[in-house]
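Next come the chains, spelled out residue by residue.
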Number of protein chains: 2
Amino acid sequence: MRRFVVIGRKASASPDFSLVDLAGTSGRLDVLLRCLRASMLVSHGLRRDVSVYLVLLGGVGAPRTLRIRGDEVRFLRPDERSLAVLAKKALSEPVDGHGFCAVRPGVAVANDGLGAVLEDLGPGTPYLVEEGSGDIRSAPLDLAAPVFFVGDHGGFEAAFLAQLAALQPMGVSVGPVSVHAEDAIALVSNELDRREHSQRWPTG
Amino acid sequence: MRRFVVIGRKASASPDFSLVDLAGTSGRLDVLLRCLRASMLVSHGLRRDVSVYLVLLGGVGAPRTLRIRGDEVRFLRPDERSLAVLAKKALSEPVDGHGFCAVRPGVAVANDGLGAVLEDLGPGTPYLVEEGSGDIRSAPLDLAAPVFFVGDHGGFEAAFLAQLAALQPMGVSVGPVSVHAEDAIALVSNELDRREHSQRWPTG
């Protein structure tokens, strides 16, 4: 199981954003929704072995986290508006208690941020996708249970990095140009795909 | 100058699509607009050395083609709705004559499809991004003037391939999994970026 954890420093934890002006009213939740698409959707299908956590640190009710599991979710469409409708509905559901609460098949919400994610992850090998780290093409990668932490358009904040430090994640970088988070996820996924098919697709 | 030519087999050549239901009313123009983002936008900026052609083969007035030049365009935003507004406005402008007609800085429209693109391209090395071709990581790539032809979610039609055959494009494949066109563009761009910075970012 591959996991992607995307940190939205200002992304709306409440459903009170406009579908007509998503980018302007949601603390750039649009960036995270595009990351969801890149993590989970491929041509004519869905990666069943991927889970995505969208950590929403902005707006009323923050922090909250949306979790989407590829092995359970249905009707996930690639366009931004469809994904925004999904997020709006999920964030509108009443959720209480500790940890993730399922709001529809494959979609769950927690009233917490990175803490809830770390509790939920279980065993795995953590990687921090960040510029200046070692090249992912030459990095050792755990194909069984990798967890990739990805920043939004603003990168990571010090408090987040401090919270993550106990895990001692390996930093990996995807290339010489600073690309959008969703493109970084596409590049990470491709490297993992190649390693899984390494006889036909040499890596490194 | 890098060029990406994205073929939208059914993408709307007219501005008569709904911004509220772009994916459902535009012949999947949303796919092409996401390709535009992936081709041209990076973190906090724009790739000035990229031009994109969106070939619109669906709906009233088809074929038409939108051309966006990175060295001239302004205010290009990454979210799907903003890009859809841009396309709607551009396709609403009256355009006549042969070839591309500028409708705003960096944005031009031609009342033709691949023919107009081939006339406009000038010198360059053509590549066809398609599954089953040789791995892009081991392909020779022209860094000065590459042109990548990319299909939408439905791939290429025989008539298109016949029209392109005279160019003898080299087929390149991005990996073992059939990914969305925009992710394929992110992977192509990354390979080009690495070749351009090959001392620090080994390739192949």
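Here, the structure is the one placed above.
Not measured: the values here are computed from a predicted model.

Student: Talk me through the overall build of chain A; I want residue IDs and the actual numbers.
Tutor: Secondary structure summary: chain A contains six helices and ten strands in total. Taken over the C-alpha atoms alone, chain A extends approximately 45 × 40 × 30 Å along its principal axes. In chain A, which comprises 204 residues, the share counted as buried stands at 56%. Placing the 22 positive and 24 negative side-chain charges of chain A at their respective mean positions leaves the two points 5 Å apart.

Student: Would you mind going over the interface of chain A and chain B in detail, with residue names and values included?
Tutor: Residue-level contacts link 44 residues of chain A with 43 residues of chain B. The tally of links between chain A and chain B comes to eight salt bridges. Between Arg-137 of chain A and Glu-191 of chain B there is a salt bridge, with the nearest N and O atoms lying 2.7 Å from each other. Breaking the side of chain A that touches chain B down by element, the ones donating at least two residues are helix H2 (29-40), strand S2 (41-42), helix H3 (80-92), strand S8 (125-135) and helix H6 (181-196) of chain A.

Student: Tell me about the packing of aromatic side chains, and please be specific about residues and values.
Tutor: Applying the stated rule across the entire model yields ten aromatic pairs over all chains. Judged by centre distance (4.9 Å) and plane angle (20°), the rings of Tyr-127 of chain A and Phe-148 of chain A are stacked. On the criterion of sequence distance, the pair formed by Tyr-127 of chain A in strand S8 and Phe-148 of chain A in strand S9 (residues 146-151) is long-range, its members being 21 residues apart. Taken individually, Tyr-127 of chain A and Phe-148 of chain A each receive the classification buried, so the pair is uniform in this respect. A centroid spacing of 5.0 Å and a plane angle of 15° characterise the contact between Phe-156 of chain B and Phe-160 of chain B, whose relative ring orientation is stacked. With relative accessibility at 8%, the residue Phe-160 of chain B sits in the buried group. Cluster of aromatic residues (ring-pair linked, three or more members): Phe-4, Tyr-127 and Phe-148 of chain A. The cationic tip of Lys-88 of chain A hangs over the ring face of Phe-17 of chain A; the distance from NZ or CZ to the ring centre is 4.8 Å.

Student: I'd like a description of the nonpolar core, backed by residues and values.
Tutor: Core analysis: the largest hydrophobic core is formed by 100 residues, its most contacted members being Phe-148 of chain A together with Leu-66 and Phe-148 of chain B. Those residues within four positions of Leu-66 of chain B in sequence are excluded, and the remaining contacts are Val-52, Tyr-53, Leu-54, Leu-56, Ala-87, Ala-90, Leu-91, Phe-100, Val-107, Ala-108 and Val-109 of chain B. Core analysis: the next-biggest nonpolar cluster, separate from the first, contains 17 residues, Ile-7, Leu-114, Leu-128 and Phe-149 of chain A among them.

Student: An account of the relation of the copies chain A and chain B is requested, with residue identities and associated values reported.
Tutor: Expressed as a screw transformation, the operator carrying chain A onto chain B has a rotation angle of 180° and an axial translation of 0.0 Å, and the superposed copies differ by an RMSD of 0.0 Å. This pairing of chains is accounted for by a two-fold axis. A share of 98% of interface residues in chain A that are also interface residues in chain B marks the association as one of identical surfaces.

Student: With reference to specific residues and values, describe the pairing of strand S5 (residues 64-69) of chain A.
Tutor: Residues and elements named next belong to chain A. Counting buried positions along S5 gives five out of six residues, so the element sits mostly inside the fold. Relative to S5, strand S4 (residues 50-58) runs antiparallel, the two sharing six bridges. Bridge pairing links Leu-56 to Arg-64 in S5. Bridge analysis of S5 against strand S7 (residues 107-110) gives four bridges, and the strand direction is antiparallel. Looking at S7, one finds that Arg-67 is bridged to Ala-108.

Student: If you had to explain the sheet that holds S9 of chain A to someone new, which residues and values would you point to?
Tutor: All names here are of chain A. The strand order across the open sheet formed by eight strands is S6-S7-S5-S4-S1-S9-S8-S10, and the pairing between neighbours is mixed. The open sheet has two edge strands, strand S6 (101-104) and strand S10 (170-173), and neither has a second partner. Taken over all neighbouring pairs, the strand axes of this sheet differ in orientation by 30° on average, direction set aside. Across five bridges, the pairing between S8 and S9 is parallel. Along S9, the bridge assignment pairs Val-129 with Val-150. The strands touched by H3 are strand S1 (2-12), S4, S5, S6 and S7; relative to S5, the strand with the most contacts, the crossing angle is about 120°. Its contacts with the sheet put helix H4 (residues 114-121) on S1, S4, S5, S7 and S9, and the angle it makes with S4 is roughly 160°.

Cut-offs used in this document
Residues numbered from 1 in each chain as written. Chains lettered and ligands numbered in written order. Predicted model: local features only at pLDDT ≥ 70, side-chain atom pairs only at ≥ 80, totals over all residues. Heavy atoms only, no water. Helix = DSSP H or I, 4+ residues; strand = E, 2+ residues; numbered from the N terminus. Buried < 20%, exposed > 50% of the residue type's maximum accessible area, 1.4 Å probe, protein only. Lys, Arg positive; Asp, Glu negative; His and termini not counted. Charge placed at Lys NZ, Arg CZ, Asp CG, Glu CD. Contact = heavy atoms within 4.5 Å. Salt bridge = Lys/Arg side-chain N within 4 Å of Asp/Glu carboxyl O. Phe/Tyr/Trp six-rings, centres within 6.5 Å; stacked < 30°, edge-to-face > 60°. Lys NZ or Arg CZ within 6 Å of the ring centre and 35° of its normal. Core = buried A, V, L, I, M, F, W, Y, C linked by side-chain atoms within 4.5 Å. Least-squares fit on C-alpha atoms with pLDDT ≥ 70 in both. Pairing = 2+ DSSP bridges. Axes fitted to C-alpha atoms, helices over the stretch in contact; angles between N-to-C directions.

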